[in-house]
Amino acid sequence: MQFQYDINGDLMDKKMMIIVGGIIAIAIVAAFMLFSSGHDAGYSKIDIIGDGTVAENGTLNVKLENGQNIALKDKPITVTLKNSKGKVVFNKTVKTFVNGVANVKLTNVSAGEYDVNATFGGDNNYTGSSVSEKIKIVAMRSPHNHYDESKWRFVACFVNKL
């Protein structure tokens, strides 16, 4: 006859071993579910949309999503532009639409290259996140001047508020 002993050297019966093993298995599964499935939902990520070029007085688009790539609406995004000397030349906070996109009108920013930083400070449900990139603001040509049509593009963002 074979006997099983616990940590203290006391005899354990097979039913007790099955119960303890089951409890440990349930605890491991519950811990895994707790830390994996809900974790990404509270994480946020922010992205600057586009090719890094914006027209003077144009719009910079920023997208905010959670860790499961679901758009976050009505969240404040702060966009800051710094010139080559590190001086802040633009700073504005806007809210995201239902599609997670915030449209930032870059008013009074001259043509040139800038460091742009877009930041979501986080809230009770999502972590904060930020992104930094270099962008180029280009002067728009007057339609009355000679221009190359291949250099022009039309961008539209349609938002359906629910």
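All values reported here derive from a predicted model rather than from experimental measurement.

### Some remarks on the sheet that holds strand E6 (residues 76-82)
Phase 1 of the analysis: Overall, mixed pairing links the 5 strands, which are arranged E4-E10-E9-E6-E7 in an open sheet. Both outer strands of the open sheet, strand E4 (53-55) and strand E7 (88-95), are each paired with one neighbouring strand and no more. Adjacent strand axes in the sheet meet at a mean angle of 30°, parallel and antiparallel pairs treated alike.

### Points about the pattern of salt bridges
Phase 1 of the analysis: Counted by the stated rule, this structure contains 3 salt bridges.
Phase 2 of the analysis: Residues glutamate 65 and lysine 63 are paired through a salt bridge, measuring 3.9 Å at the closest nitrogen-oxygen approach.
Phase 3 of the analysis: One salt bridge connects aspartate 115 with lysine 134, and the closest N-O pair in it is separated by 2.7 Å. Of this pair, aspartate 115 sits in strand E9 (residues 112-120) while lysine 134 sits in strand E10 (residues 129-138), and the two are 19 residues apart along the sequence.
Phase 4 of the analysis: Looking at aspartate 115, the relative accessible area reads 34%, which means it is partly exposed.
Phase 5 of the analysis: Among the residues examined, lysine 134 registers a relative accessible area of 60% and is labelled exposed.

### Remarks on the environment of alanine 55
Phase 1 of the analysis: Within the element layout of this structure, alanine 55 appears in strand E4.
Phase 2 of the analysis: Residues alanine 55 and isoleucine 137 lie 82 residues apart in sequence; the distance between their C-alpha atoms is 5.4 Å.
Phase 3 of the analysis: Alanine 55 has contacts with Ile137, Val138 and Met140, leaving out every residue within four places of it along the chain.

The rules behind each value
Residues numbered from 1 in each chain as written. Predicted model: local features only at pLDDT ≥ 70, side-chain atom pairs only at ≥ 80, totals over all residues. Heavy atoms only, no water. Pairing = 2+ DSSP bridges. Helix = DSSP H or I, 4+ residues; strand = E, 2+ residues; numbered from the N terminus. Axes fitted to C-alpha atoms, helices over the stretch in contact; angles between N-to-C directions. Salt bridge = Lys/Arg side-chain N within 4 Å of Asp/Glu carboxyl O. Buried < 20%, exposed > 50% of the residue type's maximum accessible area, 1.4 Å probe, protein only. Contact = heavy atoms within 4.5 Å.

Geometric descriptors of this kind do not, in isolation, establish any biological role.
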